[in-house]
Amino acid sequence: MVTQEILTIQLGHYANFVGTHWWNIQETNFSYDPLNPSEINSDVLYREGELQKNITYTPRLLIADLKGAFGYLSEEGNLLDVFQTDNQAPEILWEENRLEIAKRPTANKSPFIQSLEKAASSEENITYDLENETNTWVDYLVPRFHARTINVINEYEHGSRDQPFDIFSYGQNLWKTNNFSEDFTDKIRAYAEECNLMQGFQVLVDADDGFGGLAASLIQYLKDEYGKSIITWPVFDSSHRDPTQSDNIKLINTVLLWHQLGEYSSLFSPLCCGTDGWPTPGAPRIFNHVTYKADLKYHTSALLATAVDTLSLRYRNKRYPMSVLSDICADLGKFGRKAVATSLSLPFPIFSNQDLIDMLDDLDGSCPWTSLTPRCNISVDNVMQSLALRGISEKRLKGPMQESNEQIKKFAYKCSSVHEMMSLYLDSTCHFSASHLTNIEQVLKVNDPYPKLFNSNIMEDGSLSKKLRMEEIKSVPVMAGLHTGKFMSKMYDSLYKGVEQKVRSLRRFNAFILSGLEEDEFKESVNDLLNCKDNYEERDI
């Protein structure tokens, strides 16, 4: 089977919260049963290597975050820890009595991380209080990272008030330093040279601070150097905060990033569990069968990661190895429309012992997903969309003919597969639209450290019920997608009106001027919002 590899890049603290859940989901859902192999081609995002004569399997990944954000995780990653024993000591290459050592206190590891480092024992049934024990993304990190994965930005301290990394230009200026960019691009090149047939890049980035500027410079480099497809997810933390002057700075950062992503990214989809995203997150998105804390990064990032993991199945599906990232970008990025909306249906709302044909009939022409893109209410008409469904077995399609007096009257009863029936439903529901559907039977396992988000009417297998659940949920069916249409113009319009009302000029924001941003460059980015808005409104798909 031909594997077309992808390199994933995570830039920023909240982006790493999302990314950590994403890699955890993938690790949890690996299949080691040769009689029941996975439908997902993990080689697209993972690389096989060798360390100390041991075969390793690690994410093809680069991470950047500020100094102090990595906790116990060293710049060499955590892969070597697996093969080191307690009695191994480093070889001393200097005279110890002539060496002065300045050592930073060792960061504490969460109980969950400590349990991962212990051999399998009777502790398997321990319940972890991850909601209260998670302070940063490394506190629930499951996978092992290659030595080139971690990139610490030593010029800025995480959580610093004296020198925050909060200006778009700071990230651009960081990229211009040889110390950072040369090392980072060398690592990209090393990953790329290992690939047999590289298809592109995925970028998760904090949207409204200095990481946006870093991502803009990086993506421009990737486009110029590699010419591969690039899909970007700018992420917004939905934690509640009172309006402050810094919200206007975040607004400027977002406008500048949107302009750069429209220029250099193949496709981008903003993600936030808040309805507004800017200048403040706004009210939390509502999921009918999920209860989450919008102020808890550990919760909201799990929802965003679930969507990204599911919708990316289109180019990680073993059944269709030639379906690649460039297909999504070509389908949804027509006419220069680079921005798309992300949706999530968690769990996919099917009752216990219910057939798919009846579940779709109960929807009565509505769509079961919730938008995760701020300022976007996804339309069902005149759209182009790429959807992925996982966790619905072919056995749940419909009842046998001799027992299906009511079902057999429905036109959908003629369908012979989940894919065919779901495609029929989308065609009949989303008028004048073009839909691409990917589906696999493999459910989404939600073991620790996935948060306990599901309401009590969700059963152990993720199906809906009128009864209360007695056991912990082990898996759920999920649907997610990317969508584009005229409705995206409202996102650009809201951003334009926000920056026009609150900013107007950079003269009141001296940090941008001092960091090298010119007024004309800013105005060009603002005007580009109107051009993009008009581009979505001018024509149908």
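Details of the structure are given in the entry above.
The shown structure was predicted, so the numbers you read here are calculated from the model rather than taken from an experiment.

A. Representation of the packing of aromatic side chains in the model. Applying the stated criterion across every chain, the model contains 27 aromatic pairs. On the numbers, 5.0 Å between centres and 80 degrees between planes, the contact of F165 with F211 is edge-to-face. Placement of the pair is F165 in the loop between β5 (150–157) and α4 (168–176) and F211 in helix α6 (residues 210–226), with a sequence separation of 46 residues. For F165, a relative accessible area of 5% puts it in the buried group. Look at W175 and Y221: their rings are 5.9 Å apart centre to centre, the planes differ by 55 degrees, and that puts the pair in the tilted class. Separated by 46 residues along the polypeptide, W175 in helix α4 and Y221 in helix α6 bring together distant segments of the chain. Neither residue differs from the other here; W175 and Y221 are each classed as buried. Linked through ring pairs, W22, W23, F30, Y32, Y46, Y57 and W233 together constitute an aromatic cluster. Of note, R148 hangs over the ring of Y191, and the distance from its end group to the ring centre comes to 4.5 Å. Seen from the ring of Y413, K398 lies directly overhead, with NZ or CZ sitting 4.4 Å from the centre.

B. Expanded view of the sheet that holds strand β6 (residues 200–206). An order of β5-β4-β1-β6-β7-β8 is seen for the 6 strands of this open sheet, with the pairing classed as parallel. Two strands close off the open sheet at either side, each with one partner strand: β5 and β8 (267–268). Pairing of β6 with strand β7 (residues 229–235), which is carried by 7 bridges, proceeds in the parallel orientation. The partner of V203 across the bridge, within β7, is T232.

C. Here's a closer look at the pairing of strand β3 (residues 54–59). Across 6 bridges, the pairing between strand β2 (residues 46–51) and β3 is antiparallel. Opposite E50, over in β3, you have I55 as the bridge partner. Where β2 hands over to β3, the hairpin turn is made up of 2 residues, of which Q52 adopts a positive phi near 50 degrees.

D. The arrangement of empty space enclosed by the protein in detail. The full count for this structure, using the stated rule, is 5 cavities of 30 Å³ or more. Quantified by volume, the largest cavity comes out at close to 90 Å³. The wall of the largest cavity is formed by I25, Q26, N29, F30, S38, I40, S42, Y46, D309, R316, R390 and Q442. Here the lining of the largest cavity is built from residues that sort into 4 nonpolar, 5 polar and 3 charged. Empty space within the second largest cavity amounts to approximately 60 Å³. Lining the second largest cavity are 14 residues, with N41, V44, Y315, P321 and S323 sitting closest to its centre.

E. Geometry of helix α7 (residues 246–264). The end-to-end C-alpha separation of α7 is 27 Å, in line with the 27 Å expected for 19 residues at 1.5 Å each. With respect to burial, α7 is a largely interior element, 15 of its 19 residues being buried.

Rules used in this analysis
Residues numbered from 1 in each chain as written. Predicted model: local features only at pLDDT ≥ 70, side-chain atom pairs only at ≥ 80, totals over all residues. Heavy atoms only, no water. Phe/Tyr/Trp six-rings, centres within 6.5 Å; stacked < 30°, edge-to-face > 60°. Helix = DSSP H or I, 4+ residues; strand = E, 2+ residues; numbered from the N terminus. Buried < 20%, exposed > 50% of the residue type's maximum accessible area, 1.4 Å probe, protein only. Lys NZ or Arg CZ within 6 Å of the ring centre and 35° of its normal. Pairing = 2+ DSSP bridges. 1 Å grid on protein atoms, 1.4 Å probe; cavity = no way out; pocket = protein on both sides within 12 Å on 5 of 7 lines; lining within 4 Å. Points joined across faces, edges and corners; volume = space filled by probe spheres on them. Nonpolar A, V, L, I, M, F, W, Y, C, P; charged D, E, K, R; others polar. Expected span 1.5 Å × (residues − 1).

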